[in-house]
Amino acid sequence: MREKNDENLPNENGQKPSKPKWWKPFWILTAISMVSSGVFTYLFLQREFIRIIIIEIIFSLVLCGAYYIRVHPSKKVNKAFYIIFGITPIGVGLSILYALFCGITNFAKFIMSFEPFGPWLHMGIIVGLFTIGGFIGNRIGKNRDYRIPLSPY
C-alpha cells in the first residue's frame, strides 16, 4: 500500500509543488557556512572549544527545524511556529513595555511592598505577558490559516 507524502500532494491549483533549482545547494551551503564559522571562531578568535560545540549544536537544531518546516509542512508544526512567534517577539515586547511602565510609575516598588509575594507577583505578570503573546501569535496564525509566509505550499 502506498503512503501519502506531503511533498507529493497537489497545492491549491492542483499542481505538484516544485522546489527551485537553488533549494538543495542552499541548504548544503548553509550547513557548510555554519561549520566553517565554528572552525574560524576556534582557530582565529581563540574561543573555547566546548562553547563552540554547544553553539554549533544549537544552530544545527535550529537549522534542522527550519528545514523540517520548509520540507514537511503541516498545520500542527505551523501552529507551533506561530505560537512560538507570538511568545518570542510579542511576549518580549510586552515584557519590555511592562518594565518601562514599572520604571516610569514606581509600580515595581508597589508590587514589591507585598512582602513575601512581591517577586513572585512580578514573575507571574511576566509569564502572563508571554502567555498573552502566545495567544496573539495563535490568533495571527488562525487568521492566516496557519500558512507560513513565502511558503511554496
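Quick caveat, the model's predicted, so the values are computed rather than measured. (Residues numbered from 1 in each chain as written. Predicted model: local features only at pLDDT ≥ 70, side-chain atom pairs only at ≥ 80, totals over all residues. Heavy atoms only, no water.)

1. A look at the packing of aromatic side chains
We count it as follows: Two aromatic rings, drawn from Phe, Tyr or Trp (for Trp, its six-membered ring), form a pair once their centres lie within 6.5 Å of each other, and the interplanar angle then sorts them: stacked below 30 degrees, edge-to-face above 60, tilted otherwise.
Scanning all chains against the criterion turns up 9 aromatic pairs. Centre to centre, the rings of Tyr-42 and Phe-49 are 5.4 Å apart; their planes meet at 70°, and the pair counts as edge-to-face. Pairing Phe-110 with Phe-114 gives two aromatic rings, centres 5.4 Å apart and planes at 75°, and the pair type is edge-to-face. One aromatic cluster in this structure is built from Tyr-98, Phe-101, Phe-107, Phe-110 and Phe-114.

2. Let's talk about the side chain of His-122
Which entries qualify depends on this criterion: Helical segments are the DSSP runs of H or I of at least four residues, strand segments are the runs of E of at least two, and each set is numbered from the N terminus. Note on contacts: a residue pair qualifies if any of its non-hydrogen atoms lie within 4.5 Å across the two residues.
Within the element layout of this structure, His-122 appears in helix 5 (residues 118-143). Here His-122 is in contact with Tyr-98, Cys-102, Ala-108, Ile-111 and Met-112, once residues within four sequence places are set aside.

3. Considering the side chain of Asn-78
In this fold, Asn-78 is placed in helix 3 (residues 75-105). Ignoring sequence-local partners within four residues, the contact set of Asn-78 consists of Ile-69, Tyr-146, Arg-147 and Ile-148.

4. Examining the environment of Phe-81
Inspection of the secondary structure assignment puts Phe-81 in helix 3. Sequence separation of Phe-81 and Ile-69 is 12 residues, and the distance between their C-alpha atoms is 8.7 Å. Those residues in contact with Phe-81 that sit more than four places away from it in its chain are Ile-69 and Ile-148.

5. Thoughts on the confidence of the model for the protein
For the record, the criterion: Per-residue confidence from the predictor is reported as pLDDT, which spans 0 to 100.
Across the protein, the average pLDDT comes to 82, with 84% of residues at 70 or higher. When pLDDT is averaged over each helix and strand of the protein, the minimum, 83, is found for helix 4 (residues 107-112) and the maximum, 92, for helix 5. Within the model, the stretch residues 1-8 combines pLDDT values under 50 with 6 contacts to residues more than four positions away or in other chains.

6. Quick word on the pattern of salt bridges
The condition that has to hold: For this document, the term salt bridge refers to a Lys or Arg side-chain nitrogen within 4 Å of an Asp or Glu carboxyl oxygen. Accessible area is worked out with a 1.4 Å probe on protein chains only. A residue is then buried under 20% of its type maximum, exposed over 50%, and partly exposed in between.
With the rule as written, the count across this model stands at 1 salt bridge. The residue Asp-145 makes a salt bridge to Lys-75 at a minimum N-O spacing of 3.1 Å. Here Asp-145, found in the segment after helix 5, pairs with Lys-75, found in helix 3; they are 70 residues apart in sequence, far enough to count as distant. Accessibility expressed as a relative area gives 42% for Asp-145, which makes it partly exposed.

7. Topic: unusual backbone geometry
Of note in the backbone geometry, Gln-46 takes a positive phi value of approximately 55° without being a glycine. The backbone of Tyr-146 sits at a positive phi, close to 55°, despite the residue not being glycine. Relative to the elements of secondary structure, Tyr-146 occurs in the segment after helix 5.

8. A look at the packing of helix 1 (residues 23-44) against helix 2 (residues 49-71)
Stated precisely, the cut-off is as follows: A fitted line through C-alpha atoms serves as each axis, taken over the contacting stretch for helices, and the angle formed by two N-to-C directions is quoted from 0 to 180°. Any angle between 65 and 115 degrees counts as roughly perpendicular, while under 35 counts as roughly parallel, over 145 as roughly antiparallel, and the rest as oblique. Each residue is assigned to one class: nonpolar for Ala, Val, Leu, Ile, Met, Phe, Trp, Tyr, Cys and Pro, charged for Asp, Glu, Lys and Arg, and polar for all the others, Gly among them.
For the pair helix 1 and helix 2, the least separation of the axes is 10 Å and the interaxial angle reads 170°. One finds that helix 1 runs roughly antiparallel with respect to helix 2. In this structure, helix 1 contributes Trp-23, Trp-27, Thr-30, Ala-31, Met-34, Val-35, Ser-37, Gly-38, Thr-41 and Tyr-42 to the contact, and helix 2 contributes Phe-49, Ile-52, Glu-56, Phe-59, Ser-60, Leu-63, Ala-66, Tyr-67, Arg-70 and Val-71. A per-class count over the contact of helix 1 with helix 2 returns 13 nonpolar, 5 polar and 2 charged.

9. Details of the packing of helix 3 against helix 5
Heads up, the condition is: Left-handed describes a crossing in which the near helix is turned anticlockwise from the far one by less than a right angle; the clockwise case is right-handed.
Packing of helix 3 against helix 5 leaves a shortest axis separation of 6 Å and a crossing angle of 140°. With respect to their mutual orientation, helix 3 and helix 5 come out oblique. The two elements helix 3 and helix 5 cross, and the hand of that crossing is right-handed. The residue inventory of the contact of helix 3 with helix 5, partitioned by class, reads 16 nonpolar, 9 polar and 1 charged.

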